[in-house]
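# Structure at a glance
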Amino acid sequence: MNEAAPGNLPSRAHNCSIERALGVVGEKWTFLVLREAFGGVRRFADMQAATGAPRQVLSARLTRLVEEGLLRKVPYREPGQRQRDEYRLTQMGLDLYPTLVALMQWGDRYLSGHEGPPVRITHRGCGALVEQHFRCAEGHEVSGPKEVTPVPGPGTRLRATAAPVPPAPASPAPGSPSLSSPACAGSA
């Protein structure tokens, strides 16, 4: 691997997108709520029955997902009842669908046992199984982490790691990012 591999970076991004995303959705009940929302479940009682979440836990998760912008409340009223709220996915929430499918397919592959996956996702238009593919912007299929190079993005803010790192060579290897470039300069 080249110098840009995560284990060789002299510092880590202080504002890591994975860490921030997990701060919003990185919890079992949150993913189960999203699973049900993608399946069309909108009402609290139906969500509770489908997930098995304790009432207080579900209430807290729904509140958090609304605060974070993944769900929005839409009022409704059954005849003779008080007004209540349904929970509907926002665009931000809908954009998590590929992540949920990838997590499900990973579970299908490694955790479903000899009987196979409990659910399959098919294309409504033709009935074929849905597959996810990882591609670069040029359309090349990427099979995994050995085929990618992490490079600092425009929003990188670096923090120092615990272990000191020897100085970088005077000129990086061709194709390697310069870790001293303005794109990754930031607060330590």
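Scroll up to find the structure this text is about.
Quick caveat, the model's predicted, so the values are computed rather than measured.

## Description of the pattern of salt bridges
- Here the structure, examined in full by the defined rule, presents eight salt bridges.
- Residue Arg 35 is joined to Glu 36 by a salt bridge in which the shortest nitrogen-to-oxygen separation is 2.7 Å.
- Assessed through its relative accessible area of 38%, Arg 35 is described here as partly exposed.
- The exposure class of Glu 36 is buried, given its relative accessible area of 13%.
- Taken together, the shared-partner salt bridges connect Arg 43, Glu 78, Glu 86 and Arg 88 into one network.

## A word on the packing of aromatic side chains
- For the structure shown, the criterion picks out two aromatic pairs.
- Ring centres 5.7 Å apart and planes at 45° place the aromatic pair Trp 106 and Tyr 110 in the tilted group. Taken as a pair, Trp 106 and Tyr 110 lie in helix 6 (residues 97–111) at a separation of four residues, close to a single helical turn.
- The exposure class of Trp 106 is partly exposed, given its relative accessible area of 47%.
- Above the ring of Tyr 76, the side-chain terminus of Arg 43 is found at 3.7 Å from the ring centroid.

Calculation notes
- Residues numbered from 1 in each chain as written.
- Predicted model: local features only at pLDDT ≥ 70, side-chain atom pairs only at ≥ 80, totals over all residues.
- Heavy atoms only, no water.
- Salt bridge = Lys/Arg side-chain N within 4 Å of Asp/Glu carboxyl O.
- Buried < 20%, exposed > 50% of the residue type's maximum accessible area, 1.4 Å probe, protein only.
- Phe/Tyr/Trp six-rings, centres within 6.5 Å; stacked < 30°, edge-to-face > 60°.
- Helix = DSSP H or I, 4+ residues; strand = E, 2+ residues; numbered from the N terminus.
- Lys NZ or Arg CZ within 6 Å of the ring centre and 35° of its normal.

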